[in-house]
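Below, each chain spelled out in residue letters.
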Amino acid sequence: MSDSFDPAGPIQATYMRGGTSKGVFFTPDDLPPAARVPGVARDGLLLRVIGSPDPYGQQIDGMGGGTSSTSKVVLVSRSTRPDCDVDYLYGAVSIGTPVIDWSGNCGNLTAAVGPFALARGLVDAPADGIVAVRIWQANIGRKIVAHVPVSRGRVVEAGAFVLDGVTFPGAEIRLEFLDPGAGDALLPTGRVVDELDVPGVGRIEATLIDSGIPSIFVAAARLGLRGDETQAEVNADAGLLARLEAVRAQGAVAMGLAADVREATRARPHTPKLAFLAPPADFTAADGRRIAAGEIDLLARILSMGRLHHAMTGTGAVAIASAAAIPGTLVARLRRPGAQGPVRIGHASGILAVGAEAERAAAGGWRISKVIVSRSARRLMTGMVHPAPLPDAG
């Protein structure tokens with residue numbers, strides 16, 4: 001980090017839950033001057049806030065929680081764009097290596113951006129009603145609208161909305177991901193199904209899509225999996241995780257996101273996402289509930305930063321719903337035959353319904369005009385974070 005600021009100095013911060021994730025939120029003005037722009041100073045400071053890199057994998061000496069869902073940072077500022085209220089920049093912080101991956105979005109923490117912006121005065125709120133906070137997602141250059149409830153000028157956090165993977169109910173925040181497929185880049189190869197040649201795995205069919213987040217979808221059966229695996233099952237199997245990373249890295253190269261598989265693994269662990277899918281089947285959620293096959297349209301398990309996610313990433317859900325709306329993709333083929341409306345995804349913690357609006361593009365391809373998903377969010381802590389101990393601390 002730069003010598004122009006004291007890395008031990010307290011910094012204003014808000015610790016927030018958004019969807020099934022948690023992260024530390026800042027405005028750029030909260031940070032020391034040298035850390036307000038991209039570079040070594042910013043990354044070094046934020047790594048220290050979270051407690052990375054940690055060879056023990058626990059982030060005990062930082063704000064991170066030792067999982068990909070809790071090792072995250074967010075910067076929110078007033079937008080310079082006339083059609084948006086705030087700019088939102090997301091960093092996925094590696095736990096064991098000194099890397100912050102700024103290449104993609106976090107759909108779960110997107111739900112917390114509107115409430116944070118309102119609480120910090122970045123957006124004016126009416127006394128009562130629903131505020132449509134227009135968010136520019138700076139990592140990927142896309143627009144998202146968050147519909148945030150307010151009462152007496154304050155964000156409503158309590159409510160009856162239940163989100164599988166989150167213990168307590170909260171207020172519903174509806175998110176609209178507008179044109180998440182980035183136009184012509186929706187299907188980076190131009191095909192609904194590709195074949196990847198993966199060392200140690202062989203040739204495997206995959207749908208490669210960039211909607212919400214670059215994603216790779218493969219059939220669970222092709223990997224010798226059921227599609228209803230628990231987080232503990234997958235994360236305890238080092239050989240399986242290595243094979244899954246090999247597939248993800250090969251897909252990253254095929255999508256043009258990395259020059260080779262080594263770069264994909266080293267430099268961009270956050271994107272693309274990899275999910276393995278299966279047709280609907282009965283399964284047991286992480287809280288012990290038995291989910292019947294008739295309650296879902298698809299089984300999905302998604303990887304995040306090299307480990308199986310405990311629920312479903314928000315942007316991964318956007319990508320799944322987008323792919324399900326396009327005929328011929330692996331997602332469409334594995335989805336319940338005849339299913340209409342929002343896709344009911346059976347994930348490790350329960351069920352998530354996501355709706356996508358697809359239409360034929362002028363050039364004959366496909367366009368995803370909008371994806372809608374609901375989450376909840378709330379502030380867990382507001383105050384000052386101390387990135388490092390003082391030099392003379394005993």
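This text gives an overview of the structure that appears in the document. Worth saying up front: this structure is predicted, and the values here are computed from it rather than measured. The numbering scheme is per chain: residues are counted from 1 as the chain's sequence reads. Restriction of local features to residues with pLDDT of at least 70 applies here, the model being predicted, together with a cutoff of 80 or more for giving and counting side-chain atom pairs; totals for whole chains, interfaces and linings are based on all residues. Side-chain numbers come from the whole structure's heavy atoms, not from hydrogens or water.

## As for the overall build of the chain
Step number 1: A count of helices and strands for the chain gives seven helices and 21 strands.
Step number 2: We compute the radius of gyration from the C-alpha atoms alone; for a globule the expected value is 2.2 Å times N to the 0.38, where N is the number of residues. The globule rule puts the C-alpha radius of gyration for 394 residues at 21 Å, and the 20 Å found for the chain is close to it.
Step number 3: Reported as C-alpha extents along the three principal axes, the dimensions of the chain are approximately 60 × 50 × 45 Å.
Step number 4: Exposure categories follow from relative accessible area, calculated using a 1.4 Å probe and restricted to protein chains: below 20% of the type maximum is buried, above 50% is exposed, and the middle band is partly exposed. With 394 residues in all, the chain has 53% of them scored as buried.
Step number 5: Counted over contacts in the chain with a minimum sequence separation of 6, partners at least 24 positions apart contribute 63%.
Step number 6: Looking at the chain as shown, the accessible area adds up to about 15,800 Å², and 53% of this sits on carbon and sulfur atoms.
Step number 7: Counted as positive: Lys and Arg. Counted as negative: Asp and Glu, with His and the chain ends omitted from the count. Here the site of a charge means atom NZ of a Lys, CZ of an Arg, CG of an Asp or CD of a Glu. Taking the average location of the 39 positive side-chain charges in the chain and that of its 38 negative ones, the two points are 3 Å from each other. Numbering goes from the N terminus for both helices and strands, where a helix is a DSSP run of H or I of at least four residues and a strand is a run of E of at least two. Every residue pair with non-hydrogen atoms within 4.5 Å of one another is taken to be in contact. Exposure was quantified through the Shrake-Rupley algorithm and a 1.4 Å probe, taking into account, for residues, occlusion by the shown protein chains and nothing else.

## Observations concerning the side chain of Ser211
Step number 1: With respect to the helices, strands and loops of the structure, Ser211 is situated in strand β11 (residues 202-211).
Step number 2: Pairs of N or O atoms within 3.5 Å make up the polar contacts considered here, provided that, within protein, one atom can donate a hydrogen while the other can accept it, and that residues adjacent in sequence are counted only when both atoms are side-chain atoms. Here the side chain of Ser211 touches Ser322 through a polar contact of 2.7 Å, side chain to side chain.

## Considering the packing of aromatic side chains
Here a ring pair, both rings aromatic, is described through the centre-centre distance and the interplanar angle of the planes.
Step number 1: In summary, the pairing rule links any two rings of Phe, Tyr or Trp, Trp by its six-membered ring, whose centres are within 6.5 Å, and it sorts them by plane angle into stacked for under 30 degrees, edge-to-face for over 60 and tilted for everything else. Across all of its chains, the model carries one aromatic pair by this definition.
Step number 2: Arranged with centres 5.4 Å apart and planes meeting at 50°, the rings of Phe25 and Phe116 form a pair that is tilted. Taken as a pair, Phe25 in strand β2 (residues 21-26) and Phe116 in helix α2 (residues 107-119) lie far apart in primary sequence, 91 residues in all. Accessibility assignment for this pair places Phe25 and Phe116 in one class, buried.
Step number 3: Working rule: Lys NZ or Arg CZ, within 6 Å of ring centre, within 35 degrees of ring normal, means a charge sits over the ring. Taking the ring centre of Trp136 as reference, the NZ or CZ of Arg81 above it sits at 3.6 Å.
Step number 4: The ring centre of Phe283 lies 5.1 Å from the NZ or CZ of Arg301, which sits over that ring.

## Things to note about the nonpolar core
Step number 1: The definition of a nonpolar core used throughout is a set of buried Ala, Val, Leu, Ile, Met, Phe, Trp, Tyr and Cys residues joined through side-chain atoms within 4.5 Å. Within the largest apolar cluster, 60 residues are counted, with the highest numbers of intra-cluster contacts made by Phe25, Val76, Val86 and Phe217.
Step number 2: Phe25 has contacts with Ala13, Thr14, Met16, Val74, Val76, Leu109, Ala112, Val113 and Phe116, leaving out every residue within four places of it along the chain.
Step number 3: Judged by nonpolar contacts, the second largest core, of 27 residues, contains Ile204, Ala206, Leu225 and Ala285.

## Things to note about α2
Since the α-helix advances by 3.6 residues per turn, residues separated by three or four positions end up pointing in the same direction.
Step number 1: Note that the bend at a residue is defined as the angle between axes fitted to the seven residues ending at it and the seven residues starting at it. The sharpest bend along α2 reaches about 25° and sits at Val113, with the proline Pro115 one to four residues further on.
Step number 2: With twelve of its 13 residues buried, α2 lies for the most part within the structure.
Step number 3: Looking at α2, one finds that the buried residues are Gly107, Asn108, Leu109, Thr110, Ala111, Ala112, Val113, Gly114, Pro115, Phe116, Ala117 and Leu118.
Step number 4: Once α2 ends, the next one or two residues include Gly121, with phi positive near 75°.

## Notes on unusual backbone geometry
Step number 1: Of note, the amide linkage connecting Ser52 to Pro53 takes the cis form, showing an omega dihedral of 0°.
Step number 2: In this model, Thr271 is joined to Pro272 through a cis peptide bond whose omega is -5°.
Step number 3: Relative to the helices and strands, Pro272 resides in the loop between α5 (261-267) and β13 (273-278).
Step number 4: Even without being a glycine, Gln59 presents a positive backbone phi close to 55°.
Step number 5: Looking at the element boundaries, Gln59 is found in the loop between α1 (40-50) and β3 (72-78).
Step number 6: Judged by relative accessible area, Gln59 falls into the buried class, the value being 1%.
Step number 7: If you check the backbone angles, Met305 has positive phi at about 55° while not being a glycine.
Step number 8: Relative to the helices and strands, Met305 resides in the loop between β16 (298-304) and β17 (307-308).

## Brief notes about the pairing of strand β6 (residues 128-137)
One face of the sheet, then the other: side chains in a regular strand alternate in exactly this way.
Step number 1: We treat two strands as partners when DSSP finds at least two bridges between them. Where strand β4 (residues 86-93) lies against β6, three bridges are found, and the strand directions are parallel. Bridge pairing in β6 links Asp87 to Trp136.
Step number 2: Taking the residues that link successive antiparallel strands as the turn, the β6-strand β7 (residues 142-151) hairpin has four residues, and the phi of Gly141 there is positive, at about 70°.

## Regarding helix α4 (residues 238-254)
Step number 1: One fewer than the residue count of a helix, multiplied by 1.5 Å, yields its expected span. In a regular helix each residue adds 1.5 Å, so 17 residues correspond to 24 Å; α4 covers 24 Å between its end C-alpha atoms and thus fits that length.
Step number 2: All of the buried residues in α4 are Leu240, Leu241, Leu244, Glu245, Val247, Arg248, Ala249, Gly251 and Ala252.
Step number 3: Capping the start of α4 is the job of one residue whose side-chain oxygen sits 3.3 Å from the backbone nitrogen of Gly239: Asp237.
Step number 4: With its phi angle positive at about 80°, Gly256 sits one or two positions after the end of α4.

Spatial relationships are all this shows, so hold off on functional conclusions.
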